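Analysis of the macromolecular model
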Amino acid sequence: MSELRESLVLAVHPTARGFGWVLFEGPEAPVLWGMVSARKGREKRLYARFERLLRRHRPTALVMESFEGDASRRAGRIQTVCRTLRHLAAVAGLDIVIYPRAVVEACFAKGGRTTRFGIARAIAARIGYFDHRMPRYRKPWFAEDQRQSLFDAAALAMTYFRHAGG
Amino acid sequence: MARHVTSYLRTHRLRWGLSCAELANLLGISKSSLIRYELELRPIPARVLVACELVFGVPGSELFPGFYEAIEDALMARALPLHARVADRNDPFSRKKQALLEAMPGRLSGRPVL
């Protein structure tokens, strides 16, 4: 457990508007978090911010959600962003861990919480560090709230620690 | 393994939803100074450290573990020669000093003694 406590894990979740990120130093110990946004065609800004995160905090691992293959339905632009972030992390020497959505959902499946919003609520209740950033419930005709990406990234980091901890 | 995170000031600010301007105002410092303390570009002065402890209800050693560790390491390095000087003396003053110096490692902020 002490080794887990000392590993700094960066989880990112790219969206159409940018990416949400969280830095965890333990299973339920977020250190920093935030969202980076950039308009379509300004992806360089995302990469610069990502590199700054790597430089400043020196995480040991990057956790992302699966973005390639049949199981993923990410848009081509987001897939490109994900690939670039993965490449930048590999160049910086980070361990890269990619979980399919189903694995993340399985981690939070107790009580039937399997939607992104349900997972976000579970995280807000369990950790309480960023419960004030909880997105509103998304009706089908609403666009996704950017804050959701923060909770998606947190879910990835918690999944990582759940799996790393056995 | 070395500690990764050496300051939790920004963690606590974000946790409580405070903006830089709001916290800087609470602490009585400028926004740019706050950012420098958060990024550890400048050592935190005692009056700001005490104010941070009061705002967040967290001891300074938990808010700024890197700052404390640097001070503790330097202090212990200076204490060693003094302890070596008084260790083989048996007068009352030296015994008092020995007791003080030997209790110091126990007061470090939860870290193993170097």
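Residues numbered from 1 in each chain as written. Chains lettered and ligands numbered in written order. Predicted model: local features only at pLDDT ≥ 70, side-chain atom pairs only at ≥ 80, totals over all residues.

Another point: the overall build of chain A. Each helix and strand counted, chain A has six helices and five strands in total. Written out in order from the N terminus, the α and β elements of chain A read α-β-β-β-α-β-α-β-α-α-α. For 166 residues, the compact-globule estimate of 2.2 N^0.38 gives 15 Å, and chain A sits close to it at 15 Å. If one aligns the C-alpha atoms of chain A with their principal axes, the spans along those axes are about 45 × 40 × 30 Å. Classification of the 166 residues of chain A by burial places 35% in the buried group. Of all intrachain contacts in chain A linking residues separated by at least 6 positions in sequence, the fraction that spans at least 24 positions is 65%. (Helix = DSSP H or I, 4+ residues; strand = E, 2+ residues; numbered from the N terminus. Rg over C-alpha atoms; globule rule 2.2 N^0.38 Å. Buried ≥ 20, exposed ≤ 12 C-beta atoms within 10 Å, placed from the backbone. Contact = placed C-beta atoms within 7 Å.)

When you go through chain B residue by residue, the secondary structure sums to seven helices and zero strands. In sequence order, the secondary structure elements of chain B are arranged as α-α-α-α-α-α-α. In terms of overall dimensions, chain B has a C-alpha envelope of 55 × 30 × 20 Å along the principal axes. Once local pairs closer than 6 in sequence are excluded, the contacts in chain B between residues at least 24 apart make up 48%.

On to the domain arrangement of chain B. When cut into domains, chain B gives domain 1 (9-63) and domain 2 (68-107). The straight-line distance from the C-alpha centre of domain 1 of chain B to that of domain 2 of chain B is 32 Å. (Domains from an automatic or database assignment.)

Residues and elements named next belong to chain A. With 93% of its residues at a pLDDT of 70 or more, chain A has an overall mean of 86. Between the elements of chain A, mean pLDDT differs from a low of 47, seen in helix H1 (residues 2-6), to a high of 94, seen in strand S4 (residues 61-65). Every residue in residues 1-5 is under pLDDT 50, and counting partners more than four places away or in other chains gives seven contacts. (pLDDT = per-residue confidence, 0-100.)

Facing the nine residues of chain A at the interface are eight residues of chain B. For the side of chain A that touches chain B, the element with the most residues is strand S3 (residues 29-37) of chain A, which contributes three residues. Grouping the amino acids of the side of chain A that touches chain B by side-chain chemistry returns five nonpolar, one polar and three charged. (Nonpolar A, V, L, I, M, F, W, Y, C, P; charged D, E, K, R; others polar.)

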